[in-house]
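What follows is the residue order along each chain.
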Amino acid sequence: MNHPKPSGEIKAVAVATADDLRETIRRKSKLKGRQVDDASLAEVRQLIGDAPHRRGLLIENLHKLNDEYRALHDRHLVALAKEMNLPMAEMYEVATFYHHFEVVRGNDPVADITVRVCDGIACELAGAQNLLAKLPAILGNPNVKVIAAPCVGRCEQAPVAVVHQYPVLFATTDKVQAAVKNKLTTQPMAKDNASFEPAVLAEKGVSPQGGNQALSPDYVGYESYRAQGGYALAKEIHEGKKDAESIIKAMENSGLRGLGGAGFPAGRKWRIVKDQAAPKLMAVNIDEGEPGTFKDRTYLERDPHRFLEGLLIAANVVGIDACYIYLRDEYHGCRELLEKELAKIGRPTLEYNFETLYWVRDIVQRGPEWFSSFGRHDRKGLRSFSVSGRVKQPGVKLAPAGITIQELIDEYCGGMQDGHKFYGYLPGGASGGILPATMNSIPLDFDTLQPYGCFIGSAAVMVFSDKDKARDMALNVMHFFEHESCGQCTPCRVGTGKAAQLMQAKSWDQETLEDLATVMVDASICGLGQAAPNPIRCIHKYFPQEVA
């Protein structure tokens, strides 16, 4: 079995406009046919080590270059393309897609430190635009660059700025200035001395929020996890003391569904994949790239082995040959933690979201009835809600499936912030739609929100108040879709950009926006373009007074 490091996802990217196309051609023409110089080749070889030819390591190698030189120099890209035997076009496509990479040509200057200020909804509500406006002058250093960045997955700690790889929580100009002055550019490693039992917390109705305000909270390491009974179940399954069929039936009877957004029944997926011919692979998605989502990060940085044991159980039961973990770039602390802890267990071996695997141990050990016994309003199970925005106590809230937004705010979030009246919410992240506060009694779960043009997705709940405008929330997420579009299909590439442009008008052109929405839904290749119109349609339906 393979033991790969968490690997980034490679996306092919098409350009968005004619001007972008001309610029891309101009840049590529300068690189086309360029000879590799010996110095650059030696620098690349020193960084990437002895295994440069695996195509799947492209983004890892780009990270190494970007971290070492604070940018991707064109001479290094040419050398890396030669070393990995990849086309320069593919090298350039990947390098220019991700916002945390910067491609520079020749002797163009490179900033010593880049400060990225998150401009997602939660951070915008908390004053991110003010930070972006003031920081360049306050820092006053030409070698420090300040730029906006898409959601960095710390919405409960908004606003967030990242100094190279060091997250500044609840960021202020003074905090960012201090981080730059003291050259805080990497996230410190967490301590392995925590005790964390989510099953017990769930039974008591307590959220696993714990140290949500900590940059690197204490976590349950391998030794601590084993001392609490960890890996005993995985060992029993590996030794044949528990048969695969009983495990799959427990997963089916629990009612657990995929908690990354699609909601496919977990037990059914295990059975389908188990019946397929070998070799079989597992891909675990810990991206959380959609604004408002941070539950996986919260669990991972506190109790990583509960997820890893779930992964091992799934691998043994289904017959997996190798597992690949995709961890987003912004989770630097989680990556270091995972690499450290993975080295301590035996060979972690379906497409799965992190949290789905996280609950496997508890469901099998406690029985499917334990998990399904939770729930409200005729729903079953537990959900981890990533709550951010205008509530007093944002964070990950472990709550019964089917809880309403009003119950979630009142019982788990300490109510609304002082001086703010509940006005609306996004029940399922950027793509899950936008609803008004008057619709506060809808159970938050799979299949309950679709009649209203929304869905629960990964349960990223963003709350806004009467001090905010729903149209601004919609515009923010449309900018996100525009940035995230891979560009391969015209409806999504053009539609998201055109929609964002039209949504900036005081009065919206409803007919044109609906035309764009219809085309994106009907003709986009993937779910991003198909879901992008949800905010537009929700504003027209539930907040028409804001755009009339």
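Just so it is clear, the structure is predicted and the values come from calculations on it, not from any experiment.

Reading the values: rules and limits
- Every chain is numbered independently, its residues counted from 1 as its sequence is written.
- Whole-chain, interface and lining totals are the exception, using all residues; otherwise, since this is a predicted model, local features are given only for residues with pLDDT of at least 70 and side-chain atom pairs are given and counted only at 80 or more.
- The side-chain figures draw on all heavy atoms in the structure; neither hydrogens nor water molecules are used.
- Strand pairing is defined by DSSP finding a minimum of two bridges between the two strands.
- Here a helix means four or more residues in a row that DSSP labels H or I, a strand means two or more in a row labelled E, and each is numbered from the N terminus.
- Axes, fitted as lines to C-alpha atoms, cover a helix only where it is in contact. Angles between the N-to-C directions of the axes lie from 0 to 180 degrees.
- Whether two residues touch is decided by their heavy atoms; if any such pair falls within 4.5 Å, the residues are in contact.
- The span one expects for a helix is its residue count, reduced by one, times 1.5 Å.
- Summary of the burial criterion: residues with accessible area below 20% of their type's maximum are buried, those above 50% are exposed, and those between are partly exposed, where the area comes from a 1.4 Å probe applied to protein chains only.
- Directions pointing from the helix axis toward each C-beta atom define the arc.
- Each aromatic pair joins two rings of Phe, Tyr and Trp (for Trp, the six-membered one) with centres within 6.5 Å, and gets the label stacked for planes under 30 degrees apart, edge-to-face for over 60, and tilted for any other angle.
- Put simply, a charge is over a ring when the Lys NZ or the Arg CZ is close to the ring centre, within 6 Å, and near the line of the ring normal, within 35 degrees.

(A) A look at the sheet that holds strand S6 (residues 166-168). Spatially, S4-S3-S5-S6 is the arrangement adopted by the four strands of the open sheet, whose pairing is mixed. The outermost strands of the open sheet, each flanked by one partner alone, are strand S4 (144-149) and S6. Between one strand axis and the next, the sheet turns through 25° on average, direction left out of account. Pairing geometry for strand S5 (residues 161-163) and S6, over three bridges, is antiparallel. Within S6, the residue paired with alanine 161 across the bridge is valine 168.

(B) The arrangement of the environment of lysine 380 in detail. Along the chain, the position of lysine 380 falls in the loop between helix H19 (368-372) and strand S10 (382-389). Ignoring sequence-local partners within four residues, the contact set of lysine 380 consists of Ser372, Phe374, Gly375 and Ala401.

(C) Seen up close, helix H7 (residues 128-139). The terminal C-alpha atoms of H7 lie 16 Å apart, and with 12 residues this matches the ideal 16 Å at 1.5 Å per residue to within 8%. Inspection of H7 places Ala128, Leu131, Leu132, Leu135 and Leu139 among the buried residues, and these make up the whole buried set. Seen end-on, H7 carries its buried residues on one side only, within an arc spanning 100°. Seen from the open side of H7, the exposed residues pointing more than 90 degrees away from its buried face are Ala133 and Ala137. Next to the buried residues of H7 lie strand S3 (113-118), helix H6 (121-125), S4 and helix H8 (173-181). Once H7 ends, the next one or two residues include glycine 140, with phi positive near 55°.

(D) Main features of the sheet that holds strand S11 (residues 395-400). Here we have five strands laid out as an open sheet, ordered S11-S10-S14-S12-S13, and mixed in their pairing. Pairing within the sheet leaves two strands with one partner each, and these edge strands are S11 and strand S13 (435-436).

(E) Geometry of the packing of aromatic side chains. Evaluation of the coordinates by the stated rule reveals 17 aromatic pairs. When the ring of tyrosine 423 is compared with that of phenylalanine 543, the centres are 5.5 Å apart and the planes differ by 65°; the resulting orientation is edge-to-face. Of this pair, tyrosine 423 sits in strand S12 (residues 422-426) while phenylalanine 543 sits in the segment after helix H25 (534-542), and the two are 120 residues apart along the sequence. Within the aromatic cluster, the residues linked to one another by ring pairs are Tyr299, Phe307, Phe354, Tyr358, Trp359, Trp370, Phe371 and Phe374. Its guanidinium or amino end placed over the ring of tryptophan 370, arginine 366 lies 5.4 Å from that ring's centre, counting from NZ or CZ. Taking the ring centre of phenylalanine 446 as reference, the NZ or CZ of arginine 383 above it sits at 4.5 Å.

(F) Region of interest: the side chain of threonine 185. Within the secondary structure, threonine 185 sits in the loop between H8 and helix H9 (198-204). Once residues within four sequence positions are removed from consideration, threonine 185 is found in contact with Arg70, Ile113, Val163, His164, Gln165 and Tyr166.

(G) Broad picture of unusual backbone geometry. In this chain, alanine 158 is followed by proline 159 through a cis amide linkage whose omega measures -5°. Relative to the helices and strands, proline 159 resides in the loop between S4 and S5. Positive phi outside glycine occurs at histidine 377, with the angle close to 55°. Of note, histidine 377 is situated in the loop between H19 and S10. Positive phi outside glycine occurs at aspartate 378, with the angle close to 70°. On the secondary structure map, aspartate 378 appears in the loop between H19 and S10.

(H) Representation of the environment of glutamine 177. Tracing the backbone shows glutamine 177 in helix H8. Using a relative accessible area of 33% as the deciding quantity, one classes glutamine 177 as partly exposed. A sequence separation of 39 residues divides glutamine 177 from isoleucine 138, and the C-alpha atoms of the two residues are 7.6 Å apart. Apart from the residues within four sequence positions on either side, glutamine 177 is in contact with Ile138 and Leu139.

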